[in-house]
Amino acid sequence: MIPKRTLARTGLAISELGFGAASLGNLYRPVGDGEARATLEAALAAGLTYVDTAPRYGHGLSERRVGDLLRDRKDTVLSTKVGRLLTPDRSLSGDGERYGFRSAMPFEQVYDYSHDGVMRSYEDSLQRLGLARIDILYVHDIGRLTHGDDHERTFAQLTTGGGFRALERLRDSGAINAFGLGVNEWQVCLEAMDHVDLDVVLLAGRYTLLEQTALATFLPACLARRVSVVIGGAYNSGILASGVKRDGPHYYDYGQAPDDIVERVRRLEAVCDRHGAPLAAAALQFPLAHPAVVSVIPGLGSVARVDQTRALYARKLPADLWRDLRSEGLVDAETPLPGDLA
Ligand SMILES: NC(=O)c1ccc[n+]([C@@H]2O[C@H](COP(=O)([O-])OP(=O)(O)OC[C@H]3O[C@@H](n4cnc5c(N)ncnc54)[C@H](OP(=O)(O)O)[C@@H]3O)[C@@H](O)[C@H]2O)c1
């Protein structure tokens, strides 16, 4: 079974290896209904009882599939997201790729972080999930990375526009247990902390074996304010799972990896090889050594990937591996490492 860790501010316990369900919204490739069901069932049976989804994932498809499987279970923790409403669009048909998803759900995504937008998103998610309860709500993709010059306006929807107030109302009433941000950048999380008490942040890609930019200011702020952190993008879009020994393209941050990233991964992989350790296992286990981190949630799109991921998570890695990564300057000297806990 997978151990659980507790969100500091709420007491909610979630499995430290969780299930990223973007895959079940047909991220990049179609996943059949049967395969989706078998994949989530295999993960739940293995103890990955924390599941993260979002309206965006397959324009509602992931939420529908996840809800159908979680309906009769009492032992799971579910997060979904607010910030995008799904509006019907009759002009859409077929399962050509849209925003990365091969889903034929005929909905367009419209950003809305306002009070009423948050409330409607929450209600819509309950209906799509077919569930009476959502445990965690993340504000999805708020920040400059997604919204560029429109950041001030979209962020103001959360502050003066009442989006944060809506989330506080849901938490205060017990409708949800916790809320936070689900983003690929930590700067906006610090900005949000100036306005509201977050319980948890889902941070993708910014605290990984390859990149620890969250270490100096963001993670200490989380510890100081008892904000728990869930790690997405532990493989930085794939390059830390596949390694760089085979021919490319290698994927980093949703695109083709630049040469300096390929070279850095080559060095990480060489140290792992020296210790007989799979790079993917080191990447999966690395973020869990930080005391603010409560879970790491790889995307899982097949039963084989569930089995492989469990094995990577359970793999015993030598303390010397972590020490060498540190002494060769491949991870930040200050970062807590699993070897430190040994
Ligand atoms: N803004 C947000 O809130 C946000 C952003 C990003 C992620 N998330 C959450 O985090 C979850 C995980 O997302 P992620 O970005 O980390 O994507 P991921 O699906 O975990 O991994 C990214 C890439 O790594 C590849 N990969 C994974 N395991 C592998 C293995 N063992 N061997 C070879 N390749 C492997 C995957 O390939 P395959 O497709 O073949 O598996 C995929 O292309 C999402 O489902 C979502 O729940 C949230």
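Since this is a predicted model, take the numbers as computed values, not measurements. (Residues numbered from 1 in each chain as written. Predicted model: local features only at pLDDT ≥ 70, side-chain atom pairs only at ≥ 80, totals over all residues. Heavy atoms only, no water.)

Chemist: Explain the overall build of the protein chain here, please?
Modeler: Helix and strand counts for the protein chain stand at 14 helices and 14 strands. Counting only C-alpha atoms, the protein chain reaches 55 × 45 × 40 Å along its principal axes. By the burial criterion, 57% of the 342 residues in the protein chain qualify as buried. In the protein chain, 73% of the contacts between residues at least 6 apart in sequence involve partners at least 24 apart. Within the structure as shown, the protein chain displays about 14200 Å² of accessible surface, and the carbon and sulfur contribution to it stands at 49%. (Helix = DSSP H or I, 4+ residues; strand = E, 2+ residues; numbered from the N terminus. Buried < 20%, exposed > 50% of the residue type's maximum accessible area, 1.4 Å probe, protein only. Contact = heavy atoms within 4.5 Å. Areas by Shrake-Rupley, 256 points an atom, 1.4 Å probe, with all protein chains shown as cover.)

Chemist: I'm lost on helix α3 (residues 115-129) in this one. Help?
Modeler: It helps to recall that an α-helix has 3.6 residues per turn; residues three or four apart then point in one direction. Over its 15 residues, α3 runs 21 Å from end to end, which matches the ideal 21 Å to within 8%, given 1.5 Å per residue. The set of residues buried in α3 consists of H115, G117, V118, M119, S121, Y122, S125, L126, R128 and L129. At its buried positions, α3 is contacted by α2 (61-70), β5 (77-82), β6 (84-88), β8 (136-140), α5 (151-158) and α6 (163-172). Directly beyond the C-terminal end of α3, a positive phi value near 70° is found at G130. (Expected span 1.5 Å × (residues − 1).)

Chemist: Can you walk me through the site of the ligand in this structure?
Modeler: The local shell around the ligand holds 27 residues, among which D52, D141, G233, G299 and R305 are the closest. Between the ligand and A21 there is a distance of 3.5 Å, counted from an oxygen atom to a backbone nitrogen or oxygen. Here a nitrogen atom of the ligand and a side-chain polar atom of D141 are 3.0 Å apart. Coverage of the ligand by the protein chains reaches 79% of its 880 Å² of free accessible surface. If you list the elements that add at least two residues to the shell around the ligand, you get β9 (178-183), β10 (200-204) and α12 (303-314). (Near = heavy atom within 4 Å. Polar contact = N/O pair within 3.5 Å; in protein donor to acceptor, adjacent residues only side chain to side chain.)

Chemist: Help me understand the packing of aromatic side chains, please; the structure alone is not making it clear to me.
Modeler: A full pass over the atoms with the stated rule returns four aromatic pairs. Here Y111 and Y113 contribute two aromatic rings whose centre-to-centre distance is 6.2 Å and whose plane-to-plane angle is 15°, an arrangement assigned as stacked. Note on Y111: relative accessible area 38%, which makes it partly exposed. The class of Y113 is buried, set by a relative accessible area of 0%. (Phe/Tyr/Trp six-rings, centres within 6.5 Å; stacked < 30°, edge-to-face > 60°.)

Chemist: Just to check I follow, could you spell out the pattern of salt bridges for this structure?
Modeler: Charged atoms that come close allow side chains of opposite charge to pair. Evaluation of the coordinates by the stated rule reveals 24 salt bridges. Measuring nitrogen to oxygen at the nearest pair gives 3.8 Å for the salt bridge that ties D199 to R9. One end of the pair, D199, is in the loop between α7 (187-193) and β10; the other, R9, is in the loop between β1 (4-6) and β2 (13-15), and 190 residues separate them in sequence. Taken together, the salt bridges that share partners define one network made up of R9, R171, D197 and D199. (Salt bridge = Lys/Arg side-chain N within 4 Å of Asp/Glu carboxyl O.)

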